[in-house]
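As a plain string of letters, each chain reads:
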Amino acid sequence: MKDHYFRLPNQIFDEDLTTSEFVVYSYLVKCSDKNHKCFPSRKNIANECNVSVSTVDKALNGLIDKCLIEKTTRYDFTKEQQQLSNIYSINRI
């Protein structure tokens, strides 16, 4: 049976996050695998967090600046370098 919850570190409240950064970080943690990586699209993040894609972009940039996540850009080279969703790695606090 799959768990219906996820855990956030208590230290997240010491990171001075904006509301959008907190919500996006929480969603990324929810989506992450056992290696602390996930790859939801920016549009999917926006839909699930009830915010705009531009808000997601700002939140992601803030989380990267605060070293809470790392972003790796992915491409499908079989389709003329079509960009795929990014991989987000959740860093330990």
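How each quantity is defined
The residue numbering used here restarts from 1 in each chain and proceeds along that chain's sequence as written. Totals for whole chains, interfaces and linings use every residue, but because this is a predicted model, local features are given only for residues with pLDDT of at least 70 and side-chain atom pairs only at 80 or more, for both listing and counting. The basis for every side-chain value is the complete set of non-hydrogen atoms in the structure, without hydrogens or water. Helix and strand definitions here come from DSSP, where helices need a minimum of 4 consecutive H or I residues and strands a minimum of 2 consecutive E residues; each element is numbered from the N-terminal end. For the radius of gyration, the atom set is restricted to C-alpha positions; the globular benchmark scales as 2.2 Å times the number of residues to the power 0.38. Burial classes follow relative accessibility: with a 1.4 Å probe on protein chains only, a residue under 20% of its type's maximum area counts as buried, one over 50% as exposed, and anything between as partly exposed. Throughout, a contact is declared for two residues whenever any of their heavy atoms are within 4.5 Å. In this tally Asp and Glu are treated as negative and Lys and Arg as positive; neither His nor the chain ends contributes. Charged groups are reduced to one reference atom each: NZ for lysine, CZ for arginine, CG for aspartic acid, CD for glutamic acid. Throughout, an axis means a line fitted to C-alpha atoms (over the contacting stretch in the case of helices), and angles, computed between N-to-C directions, take values from 0 to 180 degrees. Any angle between 65 and 115 degrees counts as roughly perpendicular, while under 35 counts as roughly parallel, over 145 as roughly antiparallel, and the rest as oblique. Each residue gets one label: Ala, Val, Leu, Ile, Met, Phe, Trp, Tyr, Cys and Pro are nonpolar, Asp, Glu, Lys and Arg are charged, and the others, such as Gly, are polar. Residues belong to one nonpolar core when they are buried, are Ala, Val, Leu, Ile, Met, Phe, Trp, Tyr or Cys, and are joined through side-chain atoms within 4.5 Å. In summary, the pairing rule links any two rings of Phe, Tyr or Trp, Trp by its six-membered ring, whose centres are within 6.5 Å, and it sorts them by plane angle into stacked for under 30 degrees, edge-to-face for over 60 and tilted for everything else. Whether a charge lies above a ring is judged from NZ of Lys or CZ of Arg, which has to be within 6 Å of the ring centre and within 35 degrees of the ring normal. Each reported salt bridge corresponds to a side-chain nitrogen of Lys or Arg within 4 Å of a carboxyl oxygen of Asp or Glu.

Let us now look at the overall build of the chain. Across its full length, the chain holds 3 helices and 5 strands. Taken from N to C terminus, the helices and strands of the chain fall in the order α-β-α-α-β-β-β-β. Its C-alpha radius of gyration of 14 Å places the chain within 12% of the 12 Å reference for a compact globule of 93 residues. Expressed along its principal axes, the backbone C-alpha trace of the chain runs to roughly 45 × 35 × 25 Å. Within the chain, the fraction of its 93 residues that count as buried is 30%. The contacts of the chain with a sequence gap of at least 6 include a subset with a gap of at least 24, amounting to 48%. Side chains of the chain give 13 positive and 12 negative charges; the mean places of these two sets differ by 5 Å.

Moving on, we come to the packing of helix α2 (residues 42–49) against helix α3 (residues 53–65). Each pair of packed helices can be described by the angle between their axes along with the distance between the axes. At a minimum axis separation of 8 Å, α2 and α3 run at an interaxial angle of 105°. When the axis of α2 is compared with that of α3, the two are roughly perpendicular. Where α2 abuts α3, its residues Arg 42, Lys 43, Ile 45 and Ala 46 lie against Val 53, Val 56, Asp 57 and Leu 60. Of the residues contributing to the contact of α2 with α3, the split by class is 5 nonpolar, no polar and 3 charged.

To continue, consider the nonpolar core. Counting 19 residues, the largest nonpolar core has Val 24, Tyr 25, Leu 28, Ile 45 and Ile 69 as the members making the most contacts within it. Sorting the residues of this core by element identifies α1 (19–31), α2, α3 and β5 (87–90) as the ones contributing at least two each. Per-element accounting of this core gives the leading share, 5 residues, to α1.

Turning to the packing of aromatic side chains, a few remarks are in order. This model, assessed by the stated rule, comprises 1 aromatic pair. Considering the side-chain rings of Phe 13 and Phe 22, the 5.7 Å spacing of their centres and the 35° angle between planes classify their relative orientation as tilted. The exposure class of Phe 22 is partly exposed, given its relative accessible area of 26%. The ring centre of Phe 39 lies 5.0 Å from the NZ or CZ of Arg 74, which sits over that ring.

Scanning the model with the defined rule gives 2 salt bridges in all. One salt bridge connects Asp 57 with Arg 42, and the closest N-O pair in it is separated by 2.6 Å. Of the two residues, Asp 57 sits in helix α3 while Arg 42 sits in helix α2, which places them 15 residues apart along the sequence. By relative accessible area, which is 24% here, Asp 57 ends up partly exposed.

For Asp 16, which is not glycine, the phi torsion reads 55° and is therefore positive. In this fold, Asp 16 is placed in the segment before α1. The class for Asp 16 is exposed, based on a relative accessible area of 67%. Notably, Asn 50 is not glycine yet its phi reads approximately 60°, a positive angle. Structurally, the position occupied by Asn 50 is in the loop between α2 and α3.

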